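# Summary of the model geometry
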Amino acid sequence: VEYFYFCSDTFLVMTDKEFDDFAEVYLEFKLPFWLQSRPETIKPKNIEVLKEIGCHRISMGLEHGNEDFRAKILKRRYKNKTIIEVSKNLYDAGIALSLNNILGFPGETRELIFDTIELNRKMYYDTTSGYAFTPFHGTELRTLSVEQGFIPKDYLSRTVTYGLGLDQPQLPRTEVDGLRKTFALYAKFPKDWWPKIKVAEKKDDEGVRVFEEL
């Protein structure tokens, strides 16, 4: 064994004692590892310990860049400055960061998606990805999607990375898919490239050509 990926969605949801116990045990092996967690679980005092015991990369679910939308729709009530500080602390410690973002929530607009892009642009990371919202059974957001007529009640959600999502009047599925495809370009490229990136959102011949060029 040369590398571990811990599959827990929120690996660092643990008490201080549990974290200390984990670090003490894992220090014996110090194999590089990759974990996934939420920003509010990545405590500054634990970052140096994670680096010492072999943490190579962390995936963090940013999900959405608008604080009000994130609190109201996703029930995630932390500030953007907190997420930026976490990314900076990881960068300073030499731990790579991958950002995960979701596009096309119920009631979302193109402008709100660009709030997420703008937050990505302020953060310290080396990879970022945009994924289409999936209305899984048993979630409040699925119920909301059904109530607002975005999906039928018997809609079957599938665990896929690309190509699905809601079809909303203000945000068609095709637009979400185009923004998903070009998300990292918007997040990383200078803003004077944005008009060209917008062309690359399309699936026509010109869009495909420009996307491949970028």
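Whatever comes next refers back to the structure up there.
The paragraphs below set out a description of the structure included in this document. (Residues numbered from 1 in each chain as written. Predicted model: local features only at pLDDT ≥ 70, side-chain atom pairs only at ≥ 80, totals over all residues. Heavy atoms only, no water.)

## Brief notes about the packing of helix α1 (residues 16-26) against helix α2 (residues 44-53)
Packing of α1 against α2 brings their axes to within 10 Å, and their N-to-C directions diverge by 20 degrees. As judged from the angle between their axes, α1 and α2 are roughly parallel. As for the relative orientation of α1 and α2, their crossing is left-handed in sense. Between α1, through Asp16, Phe19, Phe22, Ala23 and Tyr26, and α2, the contact on the second element is made entirely by Lys45, Asn46, Val49, Leu50 and Ile53. (Axes fitted to C-alpha atoms, helices over the stretch in contact; angles between N-to-C directions. Helix = DSSP H or I, 4+ residues; strand = E, 2+ residues; numbered from the N terminus. Parallel < 35°, antiparallel > 145°, perpendicular 65-115°, else oblique. Left-handed = near helix turned anticlockwise from the far one by under 90°. Contact = heavy atoms within 4.5 Å.)

## Remarks on the sheet that holds strand β5 (residues 127-132)
With respect to topology, 5 strands assemble into an open sheet ordered β1-β2-β3-β4-β5, the strand pairing being parallel. Edge positions in the sheet fall to β1 (4-5) and β5, since each of these pairs with one other strand and no more. Inspection of the sheet shows strand β3 (residues 55-63) paired to strand β4 (residues 96-103) by 6 bridges, in the parallel sense. Paired with arginine 57 across the two strands is alanine 96, which belongs to β4. (Pairing = 2+ DSSP bridges.)

## Quick look at the environment of aspartate 68
Mapped onto the secondary structure, aspartate 68 falls in helix α3 (residues 67-74). Spatially, the C-alpha atom of aspartate 68 lies 39 Å from that of tyrosine 26, the residues being 42 residues apart in sequence.

## Thoughts on the packing of helix α5 (residues 110-121) against helix α7 (residues 173-188)
Closest axis-to-axis distance for the α5/α7 pair is 9 Å, and the angle between their directions is 25 degrees. If you check the angle between α5 and α7, you find them roughly parallel. α5 and α7 meet at a crossing whose hand is right-handed. Residues Arg110, Ile113, Phe114, Thr116, Ile117, Asn120 and Arg121 of α5 lie in contact with α7, whose contacting residues are Glu175, Leu179, Phe183, Tyr186, Ala187 and Lys188. When its residues are assigned to classes, the contact of α5 with α7 shows 7 nonpolar, 2 polar and 4 charged. (Nonpolar A, V, L, I, M, F, W, Y, C, P; charged D, E, K, R; others polar.)

## Remarks on the nonpolar core
Where a protein is soluble and globular, its nonpolar side chains tend to be buried together. In this structure, Leu50 and Ile58 are the most contacted members of the largest nonpolar core, which totals 28 residues. Ignoring any residue separated from it by four or fewer positions in sequence, one finds isoleucine 58 in contact with Trp34, Leu35, Ile42, Leu50, Leu90, Ile95, Ala96, Leu97 and Ser98. (Core = buried A, V, L, I, M, F, W, Y, C linked by side-chain atoms within 4.5 Å. Buried < 20%, exposed > 50% of the residue type's maximum accessible area, 1.4 Å probe, protein only.)

## Brief notes about the pairing of β4
Here β4 lies mainly inside the structure; 7 of its 8 residues are buried. Pairing geometry for β4 and β5, over 6 bridges, is parallel. Residue asparagine 100 lies in a different strand from β5, and its bridge partner there is serine 129.

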